[in-house]
Amino acid sequence: MVWNGQDGKTIMFQNEMPYDPPSQAAWMEASGVDGWAAFKVGDGVKSFSGYGMGSYSFFNQGLNIYAAHAFEVPQTLPPGSLHDLLTVFLDPVHGSGGILNVVNDSGGPSTIANPDVPVTVASYP
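Parameters and conventions
Every chain is numbered independently, its residues counted from 1 as its sequence is written. This being a predicted model, a pLDDT of at least 70 is required before a residue's local features are given, and a value of 80 or more before pairs of side-chain atoms are given or counted; all residues contribute to the totals for chains, interfaces and linings. Excluding hydrogens and water, the side-chain values take into account all heavy atoms of the structure. Runs of H or I in DSSP of at least four residues are treated as helices and runs of E of at least two as strands, each being numbered from the N terminus. For the exposure calls, accessible area comes from a 1.4 Å probe over protein chains only, and a residue counts as buried if that area is under 20% of its type's maximum, exposed if over 50%, partly exposed in between. For this analysis, residues touch if any pair of their heavy atoms sits within 4.5 Å. Per-residue accessibility takes into account occlusion by the displayed protein chains alone, with areas from the Shrake-Rupley method and a 1.4 Å probe. Buried residues of nine kinds, namely Ala, Val, Leu, Ile, Met, Phe, Trp, Tyr and Cys, make up a nonpolar core once their side-chain atoms join them within 4.5 Å. What makes two strands pair is DSSP finding at least two bridges between them. Think of a salt bridge as a Lys or Arg side-chain nitrogen and an Asp or Glu carboxyl oxygen that are within 4 Å of each other.

J.: Which parts of the structure should I look at to understand the overall build of the protein chain?
T.: Counting its regular elements, the protein chain contains 0 helices and 12 strands. Reading the secondary structure of the protein chain in the N-to-C direction produces β-β-β-β-β-β-β-β-β-β-β-β. Overall, the protein chain is about 40 × 30 × 20 Å in size when its C-alpha atoms are taken along their principal axes. Sorting the 125 residues of the protein chain into buried and exposed places 44% on the buried side. In the protein chain, once contacts between residues fewer than 6 apart in sequence are set aside, the share between residues at least 24 apart is 73%. A total accessible area of about 6100 Å² is found for the protein chain, and carbon and sulfur atoms account for 56% of it.

Dropping the structure here:
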């Protein structure tokens, strides 16, 4: 999901990343940026509010596939623009890889090291 409008608001967003990227190289936002954000607010957006947003990973190809972050927003958003974000790594028996950060470079990873446990960010930035 890419949001490019000004003064947007999302209340309750839930997403599962694609289960079957064939390789990390095939699933890259840009050079050095693993995967794709589930929800990206465009760089030119000055005002956006998000509440109750979650993204889950279950990469089932037997490879460690990662998303650098579940949510990507401009650093210039006003403080407290996002509320109650989470990521969860699903199914440690069959899943691999995971999500490395909840929003931008904040929140920490949800991987096989912490399966089925929400990794949260209460407010951002």
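J.: What is the right way to look at the nonpolar core in this model?
T.: Across soluble globular proteins, nonpolar side chains have a tendency to be buried as a group. If you look at the biggest cluster of nonpolar residues, it comprises 24 residues, and the most contacted ones within it are Met17, Phe71, Leu85 and Val103. Of all the secondary-structure elements, those providing two or more residues to this core are β5 (39-41), β6 (48-57), β9 (82-89) and β12 (119-124). Among the elements that make up this core, the one with the highest residue count is β12 (3 residues).

J.: Mind showing me how you'd approach the sheet that holds strand β10 (residues 98-99) here?
T.: If you walk across this open sheet you meet the 3 strands as β7-β10-β11, and the pairing is mixed. Of all the strands in the sheet, the pair left with one neighbour each is β7 (66-67) and β11 (110-111). The sheet contact formed by β7 and β10 spans 2 bridges and is parallel. Residue pairing across strands places Ala67 opposite Ile99, the latter belonging to β10.

J.: Sorry, what's going on with the pattern of salt bridges here?
T.: For side chains bearing opposite charge, pairing can occur when the charged atoms are close. According to the stated counting rule, one finds 2 salt bridges in the structure shown. Of the charged contacts in the structure, one is a salt bridge between Lys40 and Glu29, with a shortest N-O distance of 3.4 Å. In this pair, Lys40 is assigned in strand β5 and Glu29 in strand β3 (residues 28-30), connecting sequence segments 11 residues apart. The shortest N-O distance in the salt bridge between Lys40 and Glu72 comes to 2.7 Å. One end of the pair, Lys40, is in strand β5; the other, Glu72, is in strand β8 (residues 71-72), with 32 residues separating them in the sequence. Several salt bridges share partner residues, and in doing so they unite Glu29, Lys40 and Glu72 into one network.

J.: Explain the pairing of β9 here, please?
T.: For a regular strand, the rule is simple: side chains alternate between the two faces of the sheet. Two strands pair when backbone bridges link them, and β6 and β9 are joined in this way by 7 bridges, in the parallel orientation. What sits directly across from Ser55, in β9, is Thr87. Across 5 bridges, β9 lies against β12 in antiparallel orientation. Residue Leu85 lies in a different strand from β12, and its bridge partner there is Val121.

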